[in-house]
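Fold and contact review
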Amino acid sequence: MQSPAPKTPPYALTIASSDSGGGAGIQADLKTMTRLGVYGGSVVVGVTAQNSRGVTDTRVLPPDAIRAQFDAVHDDFNVGAVKLGMLATEPAVERVAECLRAYDGPVVVDPVMVATSGDRLLDEGAIDAYTDLFEQATLVTPNADETAELTGVIPDTPDRIRTAAEQFFDWGADAVLSKGGHVETGDGSVVDTLVTPEETTTYSNPRIDTDATHGSGCTLSSAIAARLAHGDDLPTAVERGIEFTHAALSAPAVVGRGPGSVNHLVEPDGEWVLVGDDDWS
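My aim in this report is to walk through the structure given alongside it, one point at a time. (Residues numbered from 1 in each chain as written. Predicted model: local features only at pLDDT ≥ 70, side-chain atom pairs only at ≥ 80, totals over all residues. Heavy atoms only, no water.)

**A look at the pairing of strand β3 (residues 54-60)**
Bridge count between strand β2 (residues 39-51) and β3: 6 bridges; the pairing is antiparallel. Bridge assignment links Gly-46 to a residue of β3, and that residue is Val-60. Here β2 hands over to β3 after 2 residues, the two strands then running antiparallel side by side. (Pairing = 2+ DSSP bridges. Helix = DSSP H or I, 4+ residues; strand = E, 2+ residues; numbered from the N terminus.)

Structure representation (structure tokens):
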């Protein structure tokens, strides 16, 4: 009998909350990581009762349970990158920040505050606690609403995007990806902007006419983390993460009775795929 050849794929960790509907949260993160050829682990911070139409309940785990999960993973696996998603409460944010002090790899922070459905996912008291997380962030990936709430700046012009990014730099972040999905450009495009202290890079794509955007932010941040786990530099990881998310939006999954979700099983041309391959790895 032939023994299978051992494989050592890159490993990435999502620290976030569960979406019972499967389109966002940890479920989206792990689907994305798997699709991009990365073995994904998880630290479950909270559990949402959620479907394609909204969030009906949220339960957050005790901080010690969050810490125990992180320690178990960090002690055993070579974690190539960490992605942070919905952390929900101030104690959870503080405990995750404490955990990350023991980790020296790349960290992608998606400061999730509100679901696509409009349901709030972050307690008001947790916003200030995020500054400790930004100290350890390789990249922060806020949308326009999150940027405005965190910095007081509406990022709707290049100058304002840079001004908001400077605030994240003051908090300790290495780079900011200002997501443009919530900003109208007037020419039918979506412009995402990567800002570092040294330079600014823009990524422009045609806006996709769809309401099935559930999970798009989680997908983008976890795709970037997956590419960082593969060893990409940050600009390459961002470019490939945006490319994958655009494809996932272009062939949405029509599931449930709500608008639907991004489709994590896509080929680069936006077609469905039912088995894995290495196009994205």
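**Re the pattern of salt bridges**
Going through the model one piece at a time under the given rule, you end up with 10 salt bridges. The shortest N-O distance in the salt bridge between Arg-67 and Glu-98 comes to 3.2 Å. Of this pair, Arg-67 sits in helix α2 (residues 63-76) while Glu-98 sits in helix α3 (residues 90-100); the two residues are 31 residues apart in sequence, bridging distant segments of the chain. Ionic pairing is found between Glu-98 and Arg-95, a salt bridge with its closest N-O pair at 3.6 Å. (Salt bridge = Lys/Arg side-chain N within 4 Å of Asp/Glu carboxyl O.)

**Section: helix α8 (residues 234-250)**
End to end, α8 covers 24 Å across 17 residues, agreeing with the expected 24 Å (1.5 Å per residue, within 8%). Among the residues of α8, those classed as buried are Leu-234, Ala-237, Val-238, Gly-241, Ile-242, Phe-244, Thr-245, Ala-247, Ala-248 and Leu-249. (Expected span 1.5 Å × (residues − 1). Buried < 20%, exposed > 50% of the residue type's maximum accessible area, 1.4 Å probe, protein only.)

**Quick word on the packing of α2 against α3**
α3 packs onto α2 with a crossing angle of 25° between their chain directions and a minimal axis gap of 9 Å. The orientation of α2 relative to α3 falls into the category roughly parallel. In the packing of α2 onto α3, the handedness of the crossing is right-handed. Taking contact as the criterion, the partners of Pro-63, Asp-64, Ile-66, Arg-67 and Phe-70 in α2 are, on α3, Pro-91, Ala-92, Arg-95, Val-96, Glu-98, Cys-99 and Leu-100. Looking at the contact of α2 with α3 residue by residue, the class counts come to 8 nonpolar, no polar and 4 charged. (Axes fitted to C-alpha atoms, helices over the stretch in contact; angles between N-to-C directions. Parallel < 35°, antiparallel > 145°, perpendicular 65-115°, else oblique. Left-handed = near helix turned anticlockwise from the far one by under 90°. Contact = heavy atoms within 4.5 Å. Nonpolar A, V, L, I, M, F, W, Y, C, P; charged D, E, K, R; others polar.)

**Focus on the packing of helix α5 (residues 144-151) against helix α6 (residues 158-171)**
Running from amino to carboxyl end, α5 crosses α6 at an angle of 60°, the nearest separation of the two axes being 10 Å. What the angle tells us is that α5 and α6 run oblique. Crossing angle aside, the handedness with which α5 passes α6 is left-handed. Here Thr-147, Leu-150 and Thr-151 of α5 lie close against α6, whose contacting residues are Ala-164, Gln-167, Phe-168 and Trp-171. Each residue belonging to the contact of α5 with α6 can be placed in one class, and the counts come to 4 nonpolar, 3 polar and no charged.

**Let's talk about the pairing of strand β8 (residues 189-195)**
The element β8 is extensively covered by neighbouring structure, given that 6 of its 7 residues are classed as buried. Across 7 bridges, the pairing between β8 and strand β9 (residues 200-206) is antiparallel. Note on β9: the bridge partner recorded for Asp-192 is Tyr-203. The antiparallel pairing of β8 with β9 creates a hairpin that spans 4 residues between the two strands.

**Brief notes about the packing of aromatic side chains**
For the coordinates displayed, the defined rule picks out 6 aromatic pairs. Ring centres of Tyr-11 and Tyr-39 lie 5.8 Å apart, and the angle between their planes is 20°; on these two criteria the pair is classed as stacked. With Tyr-11 in strand β1 (residues 11-19) and Tyr-39 in strand β2, this pair connects stretches of sequence that are 28 residues apart. Relative accessible area serves as the criterion here: at 9%, Tyr-11 is assigned to the buried category. (Phe/Tyr/Trp six-rings, centres within 6.5 Å; stacked < 30°, edge-to-face > 60°.)

Keep in mind these numbers describe shape, not what the thing actually does.
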